[in-house]
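Remarks on the overall topology
Here's the letter readout for the chains.
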Amino acid sequence: MKAFGDIWRSNLFQKWLMAITGLFLVLFLLGHLSGNLLVFLGQAHINEYAHGLRTMGHGAVLWGARIGLLTFFILHVASAITLSRRNRQARPQKYARVEARSSTLASRTMLYSGLLLITYVLYHLAHFTWGAVHAQHYAQATFILPSGELVPDVYTMVVKSFSEPLITVLYLLSMVMVGLHLNHAIASAFQTLGVTNRRIVPLVRTIGPALSILIALGFSAVPLAIILGLVKI
Amino acid sequence: MNLRLHIWRQAGPNDTGMLKTYDLANVSEHMSFLEMLDVLNEELIAKGEIPVAFDHDCREGICGTCGMVINGRPHGPLARTTACQLHMRTFKDGDEIYIEPWRAKAFPVLRDLVVDRGSFDRIIQKGGFVSVNTGNAQDGNTIPIGKPDADRAMDAAACIGCGACVAACPNSSAMLFTAAKIGHLASLPQGQAERSSRAMNMVLQMDTEGFGACTNHYECEAACPKGISAEFIAQMNRDFVASALGGKG
């Protein structure tokens, strides 16, 4: 029997780790997206939802989710860095000429789209979670829920932020990166996890890229609707 | 036809090597790619130059000995075709052809287009076999094997170990080769006894040899002269995790 450390360090285990954490991050994105789309239902809905997230289980659920997400994120990035370094070392001498047959722009740029997404995530947290950038929009406004509670006005914060073209453009470009990364990632994760069923595999290879486009479009819908004036205060 | 060839020349494992350009005239379209290189070598020898070293054996596409990257593709532009079965009619007069060795840390260049594929042998030694007692061979029909299983095993066993999958992979990963060997034996009853340790040991040996990891581009599948499916890689991934969890590997 092999030692746990030998298995942990192996390329295949690192790949497996990347796939499973990646799929959890995709599930998080789907949850995040469904919350975002509440903007279209109006100010009360999204503020109530945001308040609910913060207070569920006296905040324990939110913090549990945050710690889980951070762990997955770190494992995902760490395995990506480990594997990318090894993959580079595996071909010290490049070809003078390479003709790709089946790789795609998305599959060849996973490392770069991933690195850009790390900077985006930091910016995004600094913007909406920490209020460290664009602080002028950061939830100074308050909102009275139908229940009578006074809560931070997430809706106004979002609408004010995305009324600035520069912020909207930054977010839209980032969503292109999300789409590009997921375009290869989703189906790829299923392959790494070992799905060989010949009915499921073609389905996954179709749904994966389609889902990546839907997620990118879904997230883009909010800033687009705001900058076009369809959603306003 | 007249061709301009850019061929990787490297005197030995420690030489840095470089692409050298050769003009070759009157190439017949009926020649195989290797015969074209034979003609070039005859000319080089006549001029007192050192001929281009390249691996070859059966020249009928079944042994896996030949292999070179031709215009950026292992074994050249045709699908499911080894370099020896590639014919010059695929090219046209005036073409420039780049000929390079397999590129991987685990396949060090010995000379020109010849690489050392001993790393594949060491992966096989880690479990690419079934252990059987010697003595009289049992009757071939003693163990019933369903046609779909036999076919699947054969699909994987078609691997000739040429290394085109490693050459095509942007990460020089040997996963298609190793997965084919693991998948071949995992499809058959005879392979079950050592299935768990085989998957574990062969996978870890790939890392030891310095092959990269799979990023699911499927360039290997597209380059494989035997058309082996990347589905076997998924199966290997599963067998590896099962072995790790089962603790038998």
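Remember, it's a predicted structure, so these values are computed and weren't measured experimentally.

A separate point is the overall build of chain B. Within chain B one finds eight helices and seven strands. Along the three orthogonal principal directions, the C-alpha set of chain B runs to about 60 × 35 × 35 Å. Out of the 249 residues in chain B, the part that is buried amounts to 48%. Counting only contacts in chain B whose residues sit at least 6 apart along the sequence, the fraction spanning at least 24 positions is 71%.

Once that is clear, we can look at the overall build of chain A. When its secondary structure is counted, chain A shows nine helices and two strands. Each helix and strand of chain A, placed in order from N terminus to C terminus, yields the pattern α-α-α-α-α-α-β-β-α-α-α. Out of the 233 residues belonging to chain A, those deemed buried represent 29%. Here the contacts in chain A between residues at least 6 apart in sequence split such that 73% fall between residues at least 24 apart.

Turning our eyes to something else, we now look at the interface of chain A and chain B. Interfaces are frequently sized by the accessible area removed from exposure as the parts join. Listed by partner, the interface residues are 36 residues for chain A and 40 residues for chain B. Sorting the residues of the side of chain A that touches chain B by element identifies α1 (4-9), α2 (11-36), α4 (60-89) and α8 (165-193) of chain A as the ones contributing at least two each. When residues of the side of chain A that touches chain B are assigned to their parent elements, the largest contribution, five residues, is made by α2(A). Split into classes, the residues belonging to the side of chain A that touches chain B amount to 15 nonpolar, 13 polar and eight charged.

All names here are of chain B. If you look at the biggest cluster of nonpolar residues, it comprises 105 residues, and the most contacted ones within it are Cys165, Val166 and Leu176. Looking at this core, you find at least three residues from each of domain 1 (3-100) and domain 2 (117-131 + 144-246). When neighbours within four sequence positions are excluded, Val166 is seen to be in contact with Trp102, Ala104, Phe107, Ser172, Ser173, Ala174, Phe177 and Phe211.

Another point: the domain arrangement of chain B. Residue and element names in this part refer to chain B. With domains assigned, chain B is organised as domain 1 (3-100) and domain 2 (117-131 + 144-246). Spacing between the C-alpha centres of domain 1 and domain 2 amounts to 29 Å. Taken together, the contacts link 12 residues of domain 1 with 11 residues of domain 2. The residue makeup of the side of domain 1 that touches domain 2, split by class, is four nonpolar, six polar and two charged.

Turning our attention to the packing of helix α5 (residues 175-186) of chain B against helix α6 (residues 195-209) of chain B. Residue and element names in this part refer to chain B. Viewed as axis vectors pointing N to C, α5 and α6 meet at an angle of 175 degrees, and their least axial separation amounts to 10 Å. Looking at the two axes, α5 sits roughly antiparallel to α6. Contacts from Thr178, Lys181, Ile182, Leu185 and Ala186 in α5 reach Arg195, Arg198, Ala199, Met202, Val203 and Met206 in α6.

Before going further, it helps to examine helix α9 (residues 200-227) of chain A. Residues that lie three or four places apart on an α-helix share one face, since the helix turns once every 3.6 residues. Residue and element names in this part refer to chain A. For α9, with 28 residues, the first-to-last C-alpha span of 40 Å sits near the 40 Å given by 1.5 Å per residue. Maximum bend of α9: about 35 degrees, positioned at Ala221, with proline Pro223 one to four residues after it. Elements in contact with the buried residues of α9: α2, α7 (154-162) and α8. Just downstream of α9, Gly229 is the residue with a positive phi angle, here 80 degrees.

Before going further, it helps to spend a moment on the sheet that holds strand β5 (residues 96-100) of chain B. Pairing between sheet strands relies on hydrogen bonds along the backbone, with the strands arranged either parallel or antiparallel. Spatially, β2-β1-β5-β3-β4 (chain B) is the arrangement adopted by the five strands of the open sheet, whose pairing is mixed. What marks the edges here is a single partner per strand, and that holds for β2 (18-24) and β4 (73-74) of chain B.

Residues and elements named next belong to chain B. When strand β1 (residues 3-9) meets β2, the two strands line up antiparallel, connected through seven bridges. Counterpart to Trp8 in the pairing with β2 is Leu19. With four bridges connecting them, β1 and β5 associate as parallel partners. Within β5, the position partnered with Leu5 by the bridge is Ile97.

So, on to the packing of α2(A) against α8(A). Residues and elements named next belong to chain A. Interaxial distance between α2 and α8 falls to 9 Å at its minimum, and their mutual angle equals 130 degrees. Taken together, α2 and α8 sit at an angle that is classed as oblique. Every pair of crossing elements has a handedness; the one defined by α2 and α8 is left-handed. Each of Lys15, Trp16, Ala19, Ile20, Gly22, Leu23 and Val26 in α2 lies in contact with α8, whose residues at this interface are Leu182, Ala185, Ile186, Ala189, Thr192 and Leu193. Tallied by class, residues from the contact of α2 with α8 come to 10 nonpolar, two polar and one charged.

Time to look at the confidence of the model for chain B. Overall, the predicted model of chain B reaches an average pLDDT of 96, with 100% of residues at or above 70. Taken over the whole predicted complex, pTM reads 0.95, whereas the ipTM for its chain interfaces reads 0.94.

Time to look at α4(A). Residues and elements named next belong to chain A. For α4, with 30 residues, the first-to-last C-alpha span of 43 Å sits near the 44 Å given by 1.5 Å per residue. Every buried residue of α4 is accounted for by His76, Ser79, Ala80, Leu83, Arg86 and Asn87. Residues of α4 that are buried in the fold lie against α2 and α6 (110-129).

Here is what the cut-offs are and how they apply
- Residue positions are given per chain, counting from 1 as you read along its sequence in written order.
- Naming scheme: in the order in which they are written, chains are lettered from A and ligands are numbered from 1.
- For a predicted model such as this one, the threshold for reporting local features is a pLDDT of at least 70, and the threshold for listing and counting side-chain atom pairs is 80 or more; totals across whole chains, interfaces and linings nevertheless cover every residue.
- Numbering goes from the N terminus for both helices and strands, where a helix is a DSSP run of H or I of at least four residues and a strand is a run of E of at least two.
- Exposure criterion: with C-beta atoms placed from backbone coordinates, a residue whose C-beta has 20 or more other C-beta atoms within 10 Å is buried, one with 12 or fewer is exposed, and one in between is partly exposed.
- Note that contacts rest on C-beta atoms placed from the backbone: two residues are in contact if these are within 7 Å.
- Side-chain classes are defined by residue name, with Ala, Val, Leu, Ile, Met, Phe, Trp, Tyr, Cys and Pro counting as nonpolar, Asp, Glu, Lys and Arg as charged, and the others, Gly among them, as polar.
- By convention the nonpolar core is taken to be a set of buried residues drawn from Ala, Val, Leu, Ile, Met, Phe, Trp, Tyr and Cys and joined through C-beta atoms within 7 Å.
- Domain extents, as shown, originate in an automatic or database domain assignment.
- Structural elements are reduced to axes, namely lines fitted to C-alpha atoms, with helices fitted over the stretch in contact, and the angle between N-to-C directions of any two is expressed from 0 to 180 degrees.
- We call two directions roughly parallel when the angle between them is under 35 degrees, roughly antiparallel when it is over 145, roughly perpendicular when it lies between 65 and 115, and oblique otherwise.
- In this scheme, a helix's expected span is set at 1.5 Å multiplied by one less than its residue total.
- Fitting one axis to the seven residues ending at a residue and another to the seven starting there, the bend at that residue is the angle between the two axes.
- Two strands qualify as a pair provided DSSP detects at least 2 bridges between them.
- Left-handed is the label given to a crossing in which the near helix is rotated counterclockwise from the far helix by less than a right angle, and right-handed is the label when the rotation is clockwise.
- Each residue carries a pLDDT score, the predictor's own confidence in it, on a scale running from 0 to 100.

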